[in-house]
Amino acid sequence: MHPRLNLPLTIVVLCLILALAMLLGVSIGESDIPFSRTMAIIGSPLFPVAHDWTPAEESIILFIRLPRVLLAALVGASLAICGAVLQSLFRNPMADPFLLGISNGAALGASLVLVTGLAVGSGIFGVPVAAFAFGLLTIIIVYELARVGNRVPVTSLLLCGIAVAAFMSAGTSFLLFVSGENLHQVVFWLLGGIAGRGWEYVGLLLPFVIGGSVFFFSLTRPLNALMFGEESAQYLGIDVERLKKLILVAISLVTGAAVSVSGIIGFVGLITPHMVRLWAGPNHRALLPLSFLVGAILLVLADLTSRLILAPNELPIGIITALCGAPFFAYLLRRRNREA
Amino acid sequence: MKALEARDLSFSYGRTLVVQGITLECRPGEVLGILGQNGSGKTTLLRLLAGYLRPDRGTVRFRDGRDISMMGTGDLARIRAVVGQSGGSYFDFPVSEFVMLGRTPYLPRFGRETSHDFMIVEQALELTDTSHLQDRLVSQLSGGELQRVTIARALAQEPEILMLDEPTSHLDVRHQLEIMELLGDLALRMTVITIVHDLNLAFRHCGRVALLHKTRLHSCGPPGEVLTPDAISEVFDVRASRAEDPGTGMNLLSFSMPRPRPDQKRKRIHVICGGGYGRAVLHALSGRGYHLSAGVLNEGDVDLEVAEYLGSRVITAPPFSRIGADERKRLEECCREADALVVVAVPVGEGNLENIRCAGKIAGSLPAILYSPSSSLEDLDYTDGEGAALYAEIAHKGTIACSLGELLERLSSL
C-alpha cells in the first residue's frame, strides 16, 4: 500500500462508483424506460413509491437487467481477484485466471453439451455445469502433471497448464468443426457473454464469489510474504506448499464458476490487478479489495458498452474486454518500460 | 549449553550428495561462520539447520532438545529467522511494511497488528540503524540498505537464532564491515550463524568458524585454529599465507594461485639474494614453474620467508652472522645441481661477501645472470671494492639483466 493511499476512503469511493455504474447498467437498454421509473422500480420494495409502471417494464428491470448487471459485477470481481492472487502466487505479471487451462477446459465442456444437443435436455444448467466440471477436471490434470512428489513447482505448473490448455482447445476446435448448425451458439458462448442470464445464474455464482473472496482476503499476509520468494515466505512461518494447494483449489472453484456462467471473458483478470497496483502499490491489503471492486466496475461498464455499441444488437462482452484491454495492457507495458 | 545442535547431517539432491555426515553445534551468543568453496554445501547446510530442507539422515535439535523436523513452520519462524541471499525482484513495498512481514508468525489471519507489533518493528529498525528508511520503498534502497532492512525483518521475528546466507555479497568494503559489526552486536542477544565468503571477514568477525570441504566438515573452531594456511590451501586450492596487519594488529590472510605441478623436466635455478631484494625474482621464477633453491640466507631475512613460502630449497645461516665454511659447501652443492644461477644485486658487506665470492667462482662453470634492476653496483659495495669487482666478474662471465622481463627472457633462452 502506498503511504498516501487512504484505503477505507478509496473503498467507499469505489463502492459508490460501482453502484453508479450498476444503476446506469440497469437503466439503459433496448426498451426505453425513463431513469426515474427505473429508480422507482428498484426502490419499490424498500420505499413507498407511486406505482406508475407496466408489469412488462417491471420484469425487464427486475428479471432481465438487474440480474445481468449483478452477474457482470460478480464475474468481473471474481476474475480480477483471482488474477491478483495468481500473479502473486506465480510472481509473474502475465498470470491470469485462465492461465492454468480452466477456461479451455470449460470451453470444451460447454461446447460438448451445446454440440451434442444435450443442452436442450439438461435444462438451463446443462452448459454451466458441464463447463464447471471440465474446468475443474482440467486443473486436476494440470496439477497432477506438474506435481513433483509432494511439491508443485510454479514453473512446471505454468508449462503443464499451457500443454493441457492446448490439448483442450484442440478438442474444442474439433467440436466447432463438426458442430454444424450449433456453430453460432458455441462461438457465442466462447466469446463470453452474460446476455439473458437470470437470477438462477446469480445464485449459482454468488456462493463461490463470497466464499472465495473471504478466503483470499484472509491470505493478505501470506500473499505479501510470498512476493519475496517461496523460501523467504517459508522462513516467515508460512507453509508454502499447503498455501499453494489451497489457493489453486480456491482459484479453480471461483474461476470455474465464473467461466461456467459467462463464457470466456479475457483481460479483466489480467489487467485489473495491474491498474490497481499502479496507484495502490503491491500490498495485498489494498490490492485484493480494490481489484475486486475495480473488476466489478470494469465488467459492468463493458457489459453496458456491449449493449450500446451495435444497438439493438449485442456484442459478446469478451470482444469488448479484449478490444479495450489489449491496447491498455500494451500501454501499461510501454509506460513501465519507459520508467525502468 | 547449545543453541542448536546438528548431528550427522546428510542430504542429497537426487543422487548427488551435497552434505555428508556433518556434526556441528552452535553456542548461544556466538557468531558462527560457515566457510567453504562454492558448491561445498554451505547453503544446503544452512537450509538444513533452518529446517527448510529435511536431512536424509541425522537431526537438528534446538536448545530445548526439540527436533526441528517435528516442528511446524510457524513454530520454527518464532525461533529462527533466515536472511537468504539477496536478489530477485523487490516491489514498491514501504520499508516499514516490509519489516512488519517479520511479524507474520505472530499475527492472526484477519486481525490487525497491535501496538506491540509496531514496537517490535521499531526496535528492529533501530537495531539495524534503518529507522530513517522506514518510509522509503524497498525497491529504492541501495544494496547495503536493503541488506540491513532484510535483517530488520528477520529481527522482527524475535528469533533466538539468526541465520544469514552471505550477507556481505555484492557490498562494498565499508558496508561489508558494517554488516559484520552489526552481526557482532546482534550476537549479544541471539545466536548468529552466517555463511561468509571473505575469509578475512570471517577471521575478524566470527567467534568460531566451520570450514566445509567437499560436502564434509573439514574443521570447526576459533578462526585462528581453523584458518591455517595449510587448511586454506587444502580446502580452497590456493596458496595462502597469514601475517599480522601492521596497522590493526589483526590477522591478515593473503592468497595466490597454486604453483603448477612439479615437472621433472623443469629447470632448477639457484638464487642468491637477501634483504627483500629477491622477493620479486623468487615470485616471478616460481610463477614460471622453475624449481628454486635459495641462499645462503640468514634466518629472519624476508627473502628467506618468501623462499620458504614458495616451497624452495633453502640454505640458511644463523641470524646476523657471517657465512661459514659449512654453508659455503652447501651453496656449492646447490649450484652444482642447478641449471642456472641468478645473483640478485644486494648491498654486500662482510656478512654476505662469501655468497658473492662463491658466485664469482661458479659463474664460469654455470650460466649466471646478475640481476641488477636499479642501483649502480658501486653503491651496493661496503667492502672497499671487492664486492663491486665480484659483481662485475659475474656479469662478465655470465650476463646482466636490468628488469624482470629481461631476466626471464635470458633464462628461457638457456
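Residues numbered from 1 in each chain as written. Chains lettered and ligands numbered in written order. Predicted model: local features only at pLDDT ≥ 70, side-chain atom pairs only at ≥ 80, totals over all residues. Heavy atoms only, no water.

Draft legend 1. Looking closely at the overall build of chain A. Each helix and strand in chain A was counted, giving 15 helices and zero strands. Taken over the C-alpha trace, chain A has a radius of gyration of 21 Å; the compact-globule value for 340 residues is 20 Å, and the two agree within 12%. Taken along the three principal axes of its C-alpha coordinates, chain A extends 65 × 55 × 35 Å. Considering chain A as a whole, with its 340 residues, one finds that 55% of them fall into the buried category. Sequence separation of at least 24 residues holds for 76% of the intrachain contacts in chain A that already meet a minimum separation of 6. A total accessible area of about 14,500 Å² is found for chain A, and carbon and sulfur atoms account for 72% of it. The distance from the centre of the 19 positive side-chain charges to the centre of the 16 negative ones in chain A is 13 Å. (Helix = DSSP H or I, 4+ residues; strand = E, 2+ residues; numbered from the N terminus. Rg over C-alpha atoms; globule rule 2.2 N^0.38 Å. Buried < 20%, exposed > 50% of the residue type's maximum accessible area, 1.4 Å probe, protein only. Contact = heavy atoms within 4.5 Å. Areas by Shrake-Rupley, 256 points an atom, 1.4 Å probe, with all protein chains shown as cover. Lys, Arg positive; Asp, Glu negative; His and termini not counted. Charge placed at Lys NZ, Arg CZ, Asp CG, Glu CD.)

Draft legend 2. Molecular detail of the sheet that holds strand E1 (residues 4-13) of chain B. Residues and elements named next belong to chain B. With antiparallel pairing, the three strands of this open sheet are ordered in space as E2-E1-E4. Of all strands in the sheet, those bounded by a partner on one side alone are strand E2 (16-26) and strand E4 (57-62). When the angles between neighbouring strand axes are averaged without regard to direction, this sheet yields 20°. With respect to the sheet, helix H1 (residues 42-50) is in contact with E1, E2 and E4, its orientation differing from that of E1 by roughly 125°. (Pairing = 2+ DSSP bridges. Axes fitted to C-alpha atoms, helices over the stretch in contact; angles between N-to-C directions.)

Draft legend 3. Spotlight on the domain arrangement of chain B. Parsing chain B into structural domains produces domain 1 (4-255) and domain 2 (268-412). The C-alpha centroid of domain 2 of chain B is placed 51 Å from the C-alpha centroid of domain 1 of chain B. (Domains from an automatic or database assignment.)

Draft legend 4. Layout of the packing of aromatic side chains. Considering all chains together, one arrives at eight aromatic pairs over all chains under this definition. Where Phe 215 of chain A meets Phe 216 of chain A, the ring centres are 5.8 Å apart and the plane angle is 50°; that geometry is what we call tilted. In this pair, the class of Phe 215 of chain A matches that of Phe 216 of chain A, namely buried. When the ring of Phe 228 of chain A is compared with that of Phe 93 of chain B, the centres are 5.6 Å apart and the planes differ by 85°; the resulting orientation is edge-to-face. (Phe/Tyr/Trp six-rings, centres within 6.5 Å; stacked < 30°, edge-to-face > 60°.)

Draft legend 5. Geometry of the side chain of Asn 224 of chain A. The topology assignment puts Asn 224 of chain A in helix H10 (residues 220-226). For Asn 224 of chain A, a relative accessible area of 4% puts it in the buried group.

Draft legend 6. Inspection of a nonpolar patch on the surface at higher detail. Where nonpolar side chains cluster on the molecular surface, the patch consists of Leu 206, Ile 210 and Val 214 of chain A together with Phe 110 of chain B and spans about 370 Å² of accessible area. Considering the arrangement of structural elements, one finds Phe 110 of chain B in the loop between helix H3 (95-100) and helix H4 (115-127). (Patch = residues over 30% accessible without salt bridge, like charges linked within 9 Å, V, L, I, M, F, W, Y side chains within 5 Å. Salt bridge = Lys/Arg side-chain N within 4 Å of Asp/Glu carboxyl O.)

Draft legend 7. Local environment of the pattern of salt bridges. This structure, assessed with the given rule, holds 32 salt bridges over all chains. For Lys 244 of chain A, the salt bridge identified is with Glu 230 of chain A, shortest N-O distance 3.2 Å. With a gap of 14 residues between them, Lys 244 of chain A in helix H12 (residues 240-262) and Glu 230 of chain A in helix H11 (residues 230-235) connect regions that are remote in the sequence. Ionic pairing is found between Arg 27 of chain B and Glu 25 of chain B, a salt bridge with its closest N-O pair at 3.5 Å. With relative accessibility at 38%, the residue Arg 27 of chain B sits in the partly exposed group.

Draft legend 8. The arrangement of the interface of chain B and chain A in detail. Chain B puts 28 residues into the contact, and the matching count from chain A is 24 residues. With both chains or domains summed, chain B and chain A bury close to 2,500 Å², and 60% of this area falls on carbon and sulfur atoms. Three residues stand out in chain B for area buried against chain A, namely Tyr 52, Thr 73 and Arg 109 of chain B, and they jointly supply 24% of the buried area on that side. Linking chain B with chain A are three salt bridges. (Buried area = accessible area lost by both parts, 1.4 Å probe.)

Draft legend 9. Local environment of unusual backbone geometry. All names here are of chain B. In this chain, Gly 295 is followed by Val 296 through a cis amide linkage whose omega measures 5°. Its place among the elements puts Val 296 in strand E13 (residues 291-298). One non-glycine residue, Lys 214, lies in the positive phi region at around 45°. By secondary structure assignment, the location of Lys 214 is in the loop between strand E8 (208-213) and strand E9 (216-221). Taking relative accessible area as the criterion, Lys 214 reaches 60% and is therefore assigned exposed.

Draft legend 10. Main features of the sheet that holds strand E12 (residues 268-272) of chain B. Residues and elements named next belong to chain B. Strand order in the open sheet formed by six strands is E14-E13-E12-E15-E16-E17, and the pairing between neighbours is parallel. Since the sheet does not close on itself, it has two edges, and those belong to strand E14 (313-317) and strand E17 (399-401), each with one partner. In this sheet, adjacent strand axes meet at a mean angle of 20° when their direction is disregarded. Where E12 and strand E15 (residues 340-344) come together, four bridges link them in parallel fashion. By the bridge assignment for E15, His 270 is matched with Leu 341. Relative to the sheet, helix H15 (residues 404-412) contacts E12, E15, strand E16 (368-371) and E17, its axis offset from that of E17 by approximately 140°.

Draft legend 11. Expanded view of the nonpolar core. Val 75, Trp 189, Leu 205 and Phe 216 of chain A together with Val 99, Ile 151 and Leu 162 of chain B are the most contacted members of the largest nonpolar core, which has 156 residues in total. It is helix H3 (residues 55-90) of chain A that contributes the most residues to this core, 19 residues altogether. Leaving out residues up to four positions away in the same chain, Leu 205 of chain A has contacts with Leu 71, Leu 74, Val 75, Ala 257, Ala 258 and Val 261 of chain A. (Core = buried A, V, L, I, M, F, W, Y, C linked by side-chain atoms within 4.5 Å.)

Draft legend 12. Structural view of the packing of helix H1 (residues 7-27) of chain A against helix H2 (residues 35-43) of chain A. All names here are of chain A. H2 packs onto H1 with a crossing angle of 110° between their chain directions and a minimal axis gap of 10 Å. Classed by the angle they form, the pair H1 and H2 counts as roughly perpendicular. Contacts from Leu 23, Val 26 and Ser 27 of H1 reach H2 at Phe 35, Thr 38, Met 39 and Ile 42. Of the residues assigned to the contact of H1 with H2, the class counts are five nonpolar, two polar and no charged. (Parallel < 35°, antiparallel > 145°, perpendicular 65-115°, else oblique. Nonpolar A, V, L, I, M, F, W, Y, C, P; charged D, E, K, R; others polar.)

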